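Overview (structure and organization)
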Amino acid sequence: MTLYRTALKIFSAMLGVFIGCVVANAAPTMITGAGATFPFPIYSKWFAEYEKVNPEVRINYQSIGSGGGIRQLIEGTVDFGASDAPMDDAEKTKAKRPVLHVPTVLGAVVISYNLDLPKPLRLDSDAIAGIFLGQIKKWNDPALAKLNPDLKLPEKDIVLVTRSDGSGTTAVFTDYLAKVSPAFKEKVGAGKSVQWPVGVGAKGNEGVSGMVKQTPGSLGYIELVYALNNRMAVANVKNSGGKFIEPSSKSVSAAAAPVVKQMIANEFQLSITNSSGKDAYPISSFTWILLQEKISKEKGEKLQGFLKWALGKSGQAMAEDLYYAPLPKALSASVLKKVEQLKFE
């Protein structure tokens, strides 16, 4: 009997060690997402840092554009989507279940150009609309010369670069132009994909920034971080108050400040282009992670944990270093509360 008990104790101890090893070496939970290229730099940073915080989670994100992210979320091929524009009514209907829009950070869509100038180009809404409608074709056009009297602009064609894929960056940019230019609203409209009257198409913020950087005399719209990381020139844009504003995390925050209460009341879905903020950069936007409650409880709770970390002090503190703006504190607190209330299958 004593020998039996001893053997049983040894077996139990070995079994405990075996189970401990299995748990310790268990594969982490893999969470998949897809969507916007606009926030890809900060999302990549967040996912890598969160793996250190919680090694049980791995997040694989495909930077394929907002349109692709929404489509994959609707089809159920990813656990979350990401977009720089809220889902429209048709997309929400296709999703069949409610989708929570989780704002994560704010950013700026900038006009970047490949031209050797001693100081930043200045543009207003009429000039930007004129360029993208194909009405302003040369760099020394009188409209541009009037805005930049101290710059010697060359007699050279403007090589316009636009997005060819379904893009939240395009949605933000065209939302701004449709607000400030009746002609643009009528001829092109606003959305993730539009028919540009002129220009060459490129895929993603990466594609547009790469083409602009390689093509002298070119101009395109990209997210601020892509321009700064590639050391590309960006224009100062005249805002609704008549000030020429440099795009920065500070001027993006100024665009969000007047609408925090409205954002909360509107389920976190709101455009802030052409903001009334005195020092606001006019082509600013939130970017969103899109989440349904139909994913598994295990994955849902892991993703919920990540979002609480990203929206908290640790995640938001990384925003400005990557040229984004953190969420306003009142908005962040409201979003966190909503995220904590999520229940999963």
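For clarity, every value in this text was computed on a predicted model and none was experimentally measured. (Residues numbered from 1 in each chain as written. Predicted model: local features only at pLDDT ≥ 70, side-chain atom pairs only at ≥ 80, totals over all residues. Heavy atoms only, no water.)

1. Considering the sheet that holds strand S11 (residues 244–245)
The three strands are arranged S5-S10-S11 in an open sheet whose pairing can be described as mixed. Every other strand in the sheet has two partners, leaving strand S5 (122–123) and S11 as the edge strands with one partner each. Direction of pairing for strand S10 (residues 236–238) relative to S11: antiparallel, over a ladder of two bridges. Within the sheet, the bridge partner assigned to Val237 lies in S11 and is Ile245. (Pairing = 2+ DSSP bridges. Helix = DSSP H or I, 4+ residues; strand = E, 2+ residues; numbered from the N terminus.)

2. Considering the packing of aromatic side chains
Taken as a whole and judged by the stated rule, the model has 22 aromatic pairs. With centroids separated by 5.7 Å and ring planes inclined at 45 degrees, the aromatic side chains of Trp196 and Tyr221 adopt a geometry described as tilted. Remark: Tyr221 occurs in strand S8 (residues 218–223) and Trp196 occurs in the loop between helix H8 (182–187) and strand S7 (200–202); sequence separation between them is 25 residues. For Trp196, a relative accessible area of 14% translates into the label buried. Judged by relative accessible area, which is 0%, Tyr221 ranks as buried. Note on Phe306 and Trp309: the rings are 6.2 Å apart at their centroids and 35 degrees apart in plane angle, and the pair reads as tilted. Within this pair, Phe306 and its partner Trp309 are both found in helix H13 (residues 297–311), separated by three residues, close to a single helical turn. (Phe/Tyr/Trp six-rings, centres within 6.5 Å; stacked < 30°, edge-to-face > 60°. Buried < 20%, exposed > 50% of the residue type's maximum accessible area, 1.4 Å probe, protein only.)

3. Re the side chain of Ser285
Positionally, Ser285 belongs in strand S12 (residues 284–291). The contact partners of Ser285, leaving out residues within four places of it in the chain, are Phe38, Asp84, Val105, Leu106, Gly107, Val172 and Ile272. (Contact = heavy atoms within 4.5 Å.)

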